[in-house]
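# Summary of structural features
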Amino acid sequence: MEQFWIFGYGSLMWRPGFAYLRSEPARIHGYHRSLCVYSFVHRGTPKTPGLVLGLDRGGSCHGMAFEIAPERWEEAIAYLRAREQVTSVYVELRKRVKLLDSGRVAEATTYVVDRAHPQYAGVLDDDVLARHVANGCGVSGHCIEYVRNTVSHLRDMNIHDPALERVMERIAGQAARSSS
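The present account deals with the structure reproduced in this document. In this text the structure is predicted, and so the values were computed from the model without any measurement.

On to the nonpolar core. Of all hydrophobic cores here, the largest spans 54 residues; its most connected members are Phe7, Leu35 and Val133. With nine residues, strand S3 (residues 50–68) is the single largest residue contributor to this core.

As enumerated under the stated definition, the model contains six aromatic pairs in all. Ring geometry for Phe18 against Phe66: centres 5.5 Å apart, planes inclined by 85°, an arrangement best described as edge-to-face. Here Phe18, found in the loop between helix H1 (11–14) and strand S2 (22–39), pairs with Phe66, found in strand S3; they are 48 residues apart in sequence, far enough to count as distant. Look at Phe66 and you get buried, because its relative accessible area is 2%.

Moving on, we get to helix H4 (residues 143–156). Between the first and last C-alpha of H4 there are 20 Å, a value that for 14 residues agrees with the 20 Å anticipated at 1.5 Å per step. Burial in H4 covers these residues: Cys143, Ile144, Tyr146, Val147, Thr150, Val151, His153 and Leu154. Of the residues one or two after H4, Asn158 is the one with positive phi, at around 60°.

Reading the values: rules and limits
- Residues numbered from 1 in each chain as written.
- Predicted model: local features only at pLDDT ≥ 70, side-chain atom pairs only at ≥ 80, totals over all residues.
- Heavy atoms only, no water.
- Core = buried A, V, L, I, M, F, W, Y, C linked by side-chain atoms within 4.5 Å.
- Buried < 20%, exposed > 50% of the residue type's maximum accessible area, 1.4 Å probe, protein only.
- Helix = DSSP H or I, 4+ residues; strand = E, 2+ residues; numbered from the N terminus.
- Phe/Tyr/Trp six-rings, centres within 6.5 Å; stacked < 30°, edge-to-face > 60°.
- Expected span 1.5 Å × (residues − 1).

Encoded structure:
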């Protein structure tokens, strides 16, 4: 029997928004989590873009895999396409992920950043990252809440993401300096 899995590495980990049978920590190879996507809708606007996560080339990424019941697959994938493909900055791919609790390997649908898309931010220095995260706000809320929730969820999973931690530290430092 074919299994249906979705791999999440950002807000899908803590707010999947679709029905699933079970979830399991997972790792994907060949990609890493990065604040590399300018957000013009969910966490920013074209005038004041926020930054959201994308799976970018290289490395590996710990996230969460969700098993979807076959009869719910079309509903789940339609929801994800509406959520993740608003501006077509991601490419929907099926990739192998290692399920970390069971040790099994599964094929999972995930969303990888399209480096040719105008919203691809590439590698930005920590000050620029922090500025976009601190100032971005869109239809899904403030960008800083998105990053804070992701960092919190990663910590709950005992995953340390040094790049996201540095961004949060910079924002806290900026807030402390501006209030003194």
